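# Analysis of the macromolecular model
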Amino acid sequence: MAKVYVSSIIDAPADKVWAYVRDFNGLPKFMPAVAESRIEGNRPADQVGCVRNFRMKDGQKLREQLLALSDYDYTQTYNILECGMPLSNYLATVRLMPVTDGNRTFAEWTAEFDASPADAPGLVANIGTNVFLAAFHELQRMLAGK
Amino acid sequence: VRRVTVTRSTVLNTPIGTAWALLRDFNGQSRWQPGVAESRTDDDAPGDLVGAVRTLRLADGAVLREQLLALSDREHTARWCILDAPLPLHGYVCTLSLKPITDGDRTLWHWNAAFSAPDAQADALAALIGEGVFETAMAHVGRLLARGPAAIAAPLVGGDTADGIVVSRHGGPEVLVPGRVAVPPPGPGQVTLRHTAIGVNFIDVYCRTGYFDLMPIPGTPGMEAAGVIEVLGTDVAGFAPGDRVAYACPPTGAYATRRTIDAGLLVPLPADIPDEVAAASLLKGMTAEFLLHEIARIRPGDAVLVHAAAGGVGSFLAPWAAHLGATVIGTVGSAEKARIALRDHACAHAVLLSDPDWPAKVKTLTGGRGVSVAFDAIGKPTFWGSVAALAVRGHLVSFGQAGGDLGAVEVARLAGSSLTLSRPNYGHYMGTAADVRRASARLFDVLRRGIVRGAPARSFPLREAAAAHRALESRATTGATVLIP
């Protein structure tokens, strides 16, 4: 099993960051590689079990399902139902924690999945850097000091 | 009673492994928690033994017992509870956890506590723990880690650095530059002190200029301070962390917030002697003690000359000599200081040194006989005048040269009045714990009875030591000056 772990500090209060992260239909707002997103079946984006159907700017399409959402713990867990990447059993969690010193936010994004030994290192690096870290940096760019 | 939770978190600019190595040791909190003077586990249990019980002794003397409930190197988490504490709380459990921040290879430090406390005290306890303990530790560890791995290899309290004054070259007051000074861990017979007030003396000027070779370069001046014991080394008897103490002795190093020093040189401070009074009076007062009791042996009826009677040591010598029965003639540099010498320091007469005939004036005041003892720390400008003012078989005690180096003295000239000359060195009279104990006991006695005045006349922040020296050297000061860390 391959694992991705990325964490960062966002210089904004956790509730401000969480307003973006908790929106399961909001990837286009803070993930630079995502072009558009919709929730299937017109369900609310915070209904656990809902499915987001989104398209990357490179044309790749994905379907992911919201498995858990906690406004109390600032956590969101989801899996991939369909994608063009050579992986399976993909499960990811985003978690925020307030940093009392400076009223900042600790943000971490983890993912686990199965992939062939040949594909795994490239997938880990790509998801970690170009997806998760890129999203954190975009949130930092949008929210820092606000 | 209500349940209270306290949470604090911060970002450490260091990889998680470095931070965890420091924080995981259940017996190591004295290395990173200001205010924890000592940690000891029961049966010397290792700091990663789950179930270990530690006794923490705080700098203020309070004692806590805590037990390690869980430790995870995988999750970078430690959890412990308080078994015993002099605080109105119960059921206290705290969890310290670290998380890696991969972006920048930093560390998140999260610390959470939950406890029950009476309603009226809950908020104050939450503030005490959140700010006084958690935030203080987080800020301290941040500074510690910023100084690199070497800083955390050594114990924090007693193995750290402190704010202080660093002299990198001899010179004027401007060489007294704020900086960081090393505070080595206390060795056998030593303690680490947190200073509360620091005495400023003319000997500090001599150290700064290089006139006396008492301070290494780079070095930190200062030979007098009061403070609280934070950490004991081994083989220290008679002292405990939290004890209030003072000292007045070489080696230099008092111009700092903390320092490590030999316990044998410390004077325990009685409850009725404030820290600033001790810092302002110990060196001058113990100097006056040995000059009066060990060297001059003042007797009732003696006429005694005290130079600079409104100044540092003079303001102790004059009233103390008067208390021993002497008639004290004080010399001063101004009419204002004359008033102070007469009003505050028990001088029977004050003589202006600006009058070139001052030795004759002193003779006249003693009915032509001259004084039995002259205490002279001015040096070159007054030495031969003091000789002239002394009676036959008189005693000149020359113990300083604030006004200029004495140079070579023709001893044969002293035969003109069969004079005795003493040139004492403080270290030779305050070199043992017994000397210091005797002198400090006598000093505290005359302070308590109001015979001498110990309160400092001026105080400066430690950082402004240069300003304190300028004031001292301008001769504008009367009474003692202290630096407050």
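Residues numbered from 1 in each chain as written. Chains lettered and ligands numbered in written order. Predicted model: local features only at pLDDT ≥ 70, side-chain atom pairs only at ≥ 80, totals over all residues. Heavy atoms only, no water.

Turning next to the packing of aromatic side chains. Counted by the stated rule, this structure contains 18 aromatic pairs over all chains. Where W109(A) meets F132(A), the ring centres are 4.4 Å apart and the plane angle is 5°; that geometry is what we call stacked. On the criterion of sequence distance, the pair formed by W109(A) in strand β7 (residues 104–114) and F132(A) in helix α3 (residues 120–143) is long-range, its members being 23 residues apart. The class for W109(A) is buried, based on a relative accessible area of 2%. Chaining the aromatic ring pairs together yields one cluster made of F26(B), W32(B), W80(B), W109(B), W111(B) and F134(B). Between the NZ or CZ atom of R54(B) and the centre of the ring of W80(B), over which it lies, the distance is 5.0 Å. (Phe/Tyr/Trp six-rings, centres within 6.5 Å; stacked < 30°, edge-to-face > 60°. Helix = DSSP H or I, 4+ residues; strand = E, 2+ residues; numbered from the N terminus. Buried < 20%, exposed > 50% of the residue type's maximum accessible area, 1.4 Å probe, protein only. Lys NZ or Arg CZ within 6 Å of the ring centre and 35° of its normal.)

Here we come to the side chain of E66(B). Residues and elements named next belong to chain B. Here E66 is to be found in strand β4 (residues 63–72). A polar atom in the side chain of E66 sits 2.5 Å from the side chain of R54. One polar contact links E66 to W80, side chain to side chain, over a distance of 3.3 Å. Ignoring any residue separated from it by four or fewer positions in sequence, one finds E66 in contact with F26, A52, V53, R54, L56, W80, C81, I82 and L83. (Polar contact = N/O pair within 3.5 Å; in protein donor to acceptor, adjacent residues only side chain to side chain. Contact = heavy atoms within 4.5 Å.)

As a further point, take helix α1 (residues 14–21) of chain A. Every buried residue belonging to α1(A) is among A14(A), V17(A), W18(A) and V21(A), and all of these are buried. The arc that holds the buried residues of α1(A), viewed along the axis, is 100°, so those residues lie on one side. (Arc of directions from axis to C-beta.)

This part is about the confidence of the model for chain B. Considering every residue of chain B, the mean pLDDT works out to 89; 96% of them sit at 70 or more. Counted against residues more than four places away or in other chains, residues 153–159 of chain B, with its pLDDT under 50, gives 30 contacts. (pLDDT = per-residue confidence, 0-100.)

Turning our eyes to something else, we now look at the side chain of Q401(B). Within the secondary structure, Q401(B) is located in the loop between β19 (390–398) and β20 (420–422). With near-sequence residues (within four places) excluded, Q401(B) lies in contact with Y206(B), Y211(B), F212(B), A377(B), I378(B), G379(B) and R423(B).

On to the sheet that holds strand β3 (residues 53–58) of chain B, then. Neighbouring strands of a sheet are bound in pairs by backbone hydrogen bonds; such pairs are parallel or else antiparallel. Residue and element names in this part refer to chain B. As summarised here, the arrangement of the seven strands in space is β1-β7-β6-β5-β4-β3-β2, forming an open sheet in which the pairing is antiparallel. The open sheet has two edge strands, β1 (2–12) and β2 (36–41), and neither has a second partner. Direction aside, neighbouring strands of the sheet carry axes that sit 25° apart on average. For β1 and strand β7 (residues 106–117), the ladder comprises eleven bridges, and the chain directions are antiparallel. Opposite R8, over in β7, you have W111 as the bridge partner. Together, β1, β4, β5 (77–84), β6 (90–101) and β7 form the strand contacts of helix α1 (residues 16–23), whose direction differs from that of β6 by roughly 155°. Set on the sheet, helix α2 (residues 119–146) makes contact with β1, β6 and β7; between it and β1 the angle comes to about 15°. (Pairing = 2+ DSSP bridges. Axes fitted to C-alpha atoms, helices over the stretch in contact; angles between N-to-C directions.)

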